[in-house]
Amino acid sequence: MTTGGADERAGRRDPAARRTRLRLYQEQLLERMQAAKNGAGASVAQLGLAIGEARYLVDLAEVGEIVAPVPVTPVPLTRPWYLGLANVRGSLLGVIDLARYLDDEHAATTQAPAGSTPRLLVFAPALGLNCALLASSVYGLRHAGAMTRDGDALRDADGNTWMPLSLAALVREERFLHIAR
């Protein structure tokens, strides 16, 4: 049991506190959705994730959802970076190992950082591709405006290097769309 467990349980039983937390969460979510829709903040607040050992920033408007990994059914005669098909909430998604895609010569999956929790990053429906990327870890929102530019990369206050990743550009790449060997 964690410290404050009794306080947490009491907060769950208090309907007024629960409604307040829900309203606050909804307001924050609405602000983020409006910022993403208007393009305001799209370059400032982005989703930070690790693919292999590399860190990437993805525009929130390009992300449909983040889910725990589900069983993936391999598809024969496909590229090594195409892991197969996964059923996520009744939709079949092609699952891509981006670390392998970026370095197709290596057949082995890039090792995830120690202590990381893998996730599937599902593409937003607006991108028109039923696809998900295998992420080693999801770090949550990152504020690119607070980072310093280092060539094409960004560097945060802790010295971590982040590369921008456009899922919209990825789905337009010829090689990404041709999974057959």
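As a starting point, this report considers the structure included with it. (Residues numbered from 1 in each chain as written. Predicted model: local features only at pLDDT ≥ 70, side-chain atom pairs only at ≥ 80, totals over all residues. Heavy atoms only, no water.)

## Quick look at the environment of Leu165
So, point 1. Tracing the sequence through the fold places Leu165 in strand E12 (residues 161-165).
So, point 2. Taking the C-alpha atoms as reference, Leu165 lies 7.8 Å from Asp59; in sequence the two are 106 residues apart.
So, point 3. Setting aside its immediate chain neighbours within four residues, Leu165 contacts Ile51, Tyr56, Leu57, Val58, Asp59, Glu62, Leu98 and Leu133. (Helix = DSSP H or I, 4+ residues; strand = E, 2+ residues; numbered from the N terminus. Contact = heavy atoms within 4.5 Å.)

## Points about the sheet that holds strand E6 (residues 91-96)
So, point 1. Read from one edge of the open sheet, 6 strands run E3-E7-E8-E6-E5-E4, paired in mixed fashion. Edge positions in the open sheet fall to strand E3 (63-67) and strand E4 (72-73), since each of these has one partner strand only.
So, point 2. Of the strand pairs in this sheet, strand E5 (residues 82-88) and E6 are connected by 6 bridges, and their pairing is antiparallel. Residue pairing for E6: Tyr82 is matched across the bridge by Ile96. (Pairing = 2+ DSSP bridges.)

## Considerations on unusual backbone geometry
So, point 1. Even without being glycine, Leu77 reaches a positive phi, approximately 60°.
So, point 2. Its place among the elements puts Leu77 in the loop between E4 and E5.
So, point 3. By relative accessible area, which is 70% here, Leu77 ends up exposed. (Buried < 20%, exposed > 50% of the residue type's maximum accessible area, 1.4 Å probe, protein only.)

## Description of the nonpolar core
So, point 1. If you look at the biggest cluster of nonpolar residues, it comprises 22 residues, and the most contacted ones within it are Leu133 and Leu167.
So, point 2. Elements with a contribution of two residues or more to this core: strand E1 (45-51), strand E2 (54-59), helix H3 (98-102), strand E7 (119-123), strand E8 (131-135) and helix H4 (167-170).
So, point 3. Non-local contacts of Leu167, meaning those with residues more than four positions away in its chain, are made with Val58, Glu62, Val63, Leu121, Phe123, Leu127 and Leu133. (Core = buried A, V, L, I, M, F, W, Y, C linked by side-chain atoms within 4.5 Å.)

## Here's the deal with the pattern of salt bridges
So, point 1. Evaluated as defined, the whole model comprises 3 salt bridges.
So, point 2. In this structure, Arg89 and Glu65 form a salt bridge, with 2.8 Å as the shortest nitrogen-oxygen distance. Of this pair, Arg89 sits in the loop between E5 and E6 while Glu65 is found in strand E3, placing the two residues 24 residues apart along the sequence.
So, point 3. Taking relative accessible area as the criterion, Arg89 reaches 67% and is therefore assigned exposed.
So, point 4. When its relative accessible area of 26% is taken as the criterion, Glu65 is described as partly exposed.
So, point 5. When the shortest N-O distance is used, the salt bridge between Asp150 and Arg155 registers 2.7 Å.
So, point 6. Looking at Asp150, the relative accessible area reads 38%, which means it is partly exposed. (Salt bridge = Lys/Arg side-chain N within 4 Å of Asp/Glu carboxyl O.)

## Thoughts on the packing of aromatic side chains
So, point 1. Following the criterion strictly, the structure yields 5 aromatic pairs and no others.
So, point 2. Between Trp81 and Tyr101, the aromatic rings sit 4.9 Å apart at their centres with planes inclined by 85°, giving edge-to-face as the arrangement. You can see Trp81 sitting in the loop between E4 and E5 and its partner Tyr101 sitting in helix H3, a full 20 residues away along the chain. Pair check on accessibility: Trp81 and Tyr101 agree, each one buried.
So, point 3. Ring geometry for Trp81 against Phe176: centres 6.2 Å apart, planes inclined by 10°, an arrangement best described as stacked. Here Phe176 lies in helix H5 (residues 174-177) and Trp81 lies in the loop between E4 and E5, a separation of 95 residues in the sequence. Of the two residues examined, Trp81 and Phe176, each falls in the buried class.
So, point 4. By the ring-pair criterion, three or more aromatic residues cluster together here, those being Trp81, Tyr101, Phe123 and Phe176.
So, point 5. Just above the ring of Tyr139 sits the side chain of Arg55; from NZ or CZ to the centre is 4.4 Å.
So, point 6. Positioned above the aromatic ring of Tyr101, the side-chain terminus of Arg175 is 4.0 Å from the ring centre. (Phe/Tyr/Trp six-rings, centres within 6.5 Å; stacked < 30°, edge-to-face > 60°. Lys NZ or Arg CZ within 6 Å of the ring centre and 35° of its normal.)

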